[in-house]
Amino acid sequence: MLAAKNLIIDIPGRSSGTPLSFEIKPGETWGVLGPNGAGKTTLLHTLAGLRKPRSGSVELAGKNIQQLRRKQVAQQLAVVFQNNGEGFPATVLETVMIGRHPFISPWDIESAEDLAIARAALQKLELADLEHRLISTLSGGERQRLAIATALSQTPKLWLADEPSNHLDLKHQVQIMELLAEQATANCGIVLCLHDLNLAAQWCDKILLLYPNGDACWGDADTMLATPALEKLYNQPLRSIVSDGQRYFIPLSSRNSGL
Ligand SMILES: Nc1ncnc2c1ncn2[C@@H]1O[C@H](COP(=O)(O)OP(=O)(O)OP(=O)(O)O)[C@@H](O)[C@H]1O
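Since this is a predicted model, take the numbers as computed values, not measurements.

Participant: Is there a simple way to think about the pattern of salt bridges in this case?
Facilitator: Pairing of side chains with opposite charge becomes possible as their charged atoms draw close. All chains considered together, the criterion is met by 7 salt bridges. Taking the shortest distance from any N to any O, the salt bridge between E126 and K171 comes out at 3.7 Å. Of this pair, E126 sits in the loop between α4 (112–124) and α5 (140–153) while K171 sits in helix α6 (residues 170–185), and the two are 45 residues apart along the sequence. Overall, the relative accessible area of 39% leaves E126 in the partly exposed class. The salt bridge involving K206 is made with D220; its shortest N-O contact spans 2.8 Å. Here the residue K206 occupies a position in strand β9 (residues 206–210), and D220 occupies one in strand β10 (residues 216–220), the gap between them amounting to 14 residues.

What follows is the structure, encoded as structure tokens:
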């Protein structure tokens, strides 16, 4: 579906590190973990074809993504960006309709079906009542849900989402992760940059650990989410506990290290 082939992401001034070679298969959810500045966003944008790699390639359905037209890419792959500031004045409905643009010919207008898909996405993200609101008037969490609704209206086969739970309260975090899990069950491939190890442990089948020097390793979540490896990754002591068969990680500090 989406494959990294000896991929080195291009971070100015950084050594090349480990070449990345992996494939995101239909139905898989990948979590990309690493400290601030490790290159998670750069990797996500490179996988989306928005940034050129330093070397190696990204293949979408067997073709080098850099050689595909953006419209072809957007018909298959949606990106949820980390910051969803307002670029230009637009309503919620106009914004979610952007997800339909890859499917509309330049000389055509949106069909009733496009509108129905966009409105269903707003409904799913509990934004239907806000469709006439300007995005500049939305709260941070509403804006994040709109970004996810826009990706949903794109009906992608692949989701690349940078911190999808950003700005969301607990209920909406669970809702978004459930939505992404539904998408995976429907055979989409999902890649998530995450800071929350507990979301990664709960929802991801595959994990890629990215270190600030460019080193990386990846594999099944069960084996990758080992406390010593994560402590080294974040340079932060952790405690891991298991409750109801689910693993949780707690960062240790002067307040709780005597737990
Ligand atoms: N255009 C650029 N020029 C110079 N350095 C850049 C550029 N783009 C990104 N960087 C640097 O590359 C590194 C990786 O950035 P990136 O945003 O990919 O990290 P990240 O792992 O997503 O971080 P965070 O967890 O803080 O979101 C950072 O040190 C950043 O400052």
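So, next bit.
Participant: Explain the packing of aromatic side chains to me, please; I cannot follow it from the model alone.
Facilitator: Geometry of an aromatic ring pair is reported as the spacing of the ring centres plus the angle between the planes. Under the defined criterion, the tally for this structure stands at 2 aromatic pairs. By way of ring pairs, the aromatic residues F22, W30 and W218 are connected into one cluster.

Participant: Any chance you could explain the sheet that holds strand β4 (residues 55–60) here in plain terms?
Facilitator: To summarise the sheet geometry, strands pair through backbone hydrogen bonds and adopt either a parallel or an antiparallel arrangement. The antiparallel open sheet is built from 4 strands, whose spatial order is β2-β1-β4-β5. Edge positions in the open sheet fall to β2 (20–24) and β5 (63–64), since each of these has one partner strand only. Looking at chain direction, β4 and β5 are connected through 2 bridges and run antiparallel. Bridge pairing in β5 links E59 to N64. Lying over the sheet, helix α1 (residues 40–47) contacts β1 (2–8), β2 and β4, oriented at roughly 125 degrees with respect to β1.

Participant: Where do I start with the environment of L208 in this structure?
Facilitator: Looking at the secondary structure, you find L208 in strand β9. Measuring from C-alpha to C-alpha, the distance between L208 and C193 comes to 9.5 Å, with 15 residues separating the pair along the chain. Setting aside chain neighbours within four positions, we find L208 in contact with F22, W30, G31, V32, L33, L43, A216, C217 and W218.

Participant: What is the right way to look at the nonpolar core in this model?
Facilitator: Considering soluble globular proteins, one finds that nonpolar side chains tend to be buried as a cluster. If you look at the biggest cluster of nonpolar residues, it comprises 49 residues, and the most contacted ones within it are L33, W159, I207 and L230. Looking at which element gives the most residues to this core, the answer is α5, with 6 residues. Setting aside its immediate chain neighbours within four residues, W159 contacts A78, V80, I148, A151, L152, L179, L180, Q183, C188, G189, I190 and V191. Membership of the second largest hydrophobic core comes to 29 residues, among which are F22, A48, L77 and L158.

Definitions and cut-offs
Residues numbered from 1 in each chain as written. Predicted model: local features only at pLDDT ≥ 70, side-chain atom pairs only at ≥ 80, totals over all residues. Heavy atoms only, no water. Salt bridge = Lys/Arg side-chain N within 4 Å of Asp/Glu carboxyl O. Helix = DSSP H or I, 4+ residues; strand = E, 2+ residues; numbered from the N terminus. Buried < 20%, exposed > 50% of the residue type's maximum accessible area, 1.4 Å probe, protein only. Phe/Tyr/Trp six-rings, centres within 6.5 Å; stacked < 30°, edge-to-face > 60°. Pairing = 2+ DSSP bridges. Contact = heavy atoms within 4.5 Å. Axes fitted to C-alpha atoms, helices over the stretch in contact; angles between N-to-C directions. Core = buried A, V, L, I, M, F, W, Y, C linked by side-chain atoms within 4.5 Å.

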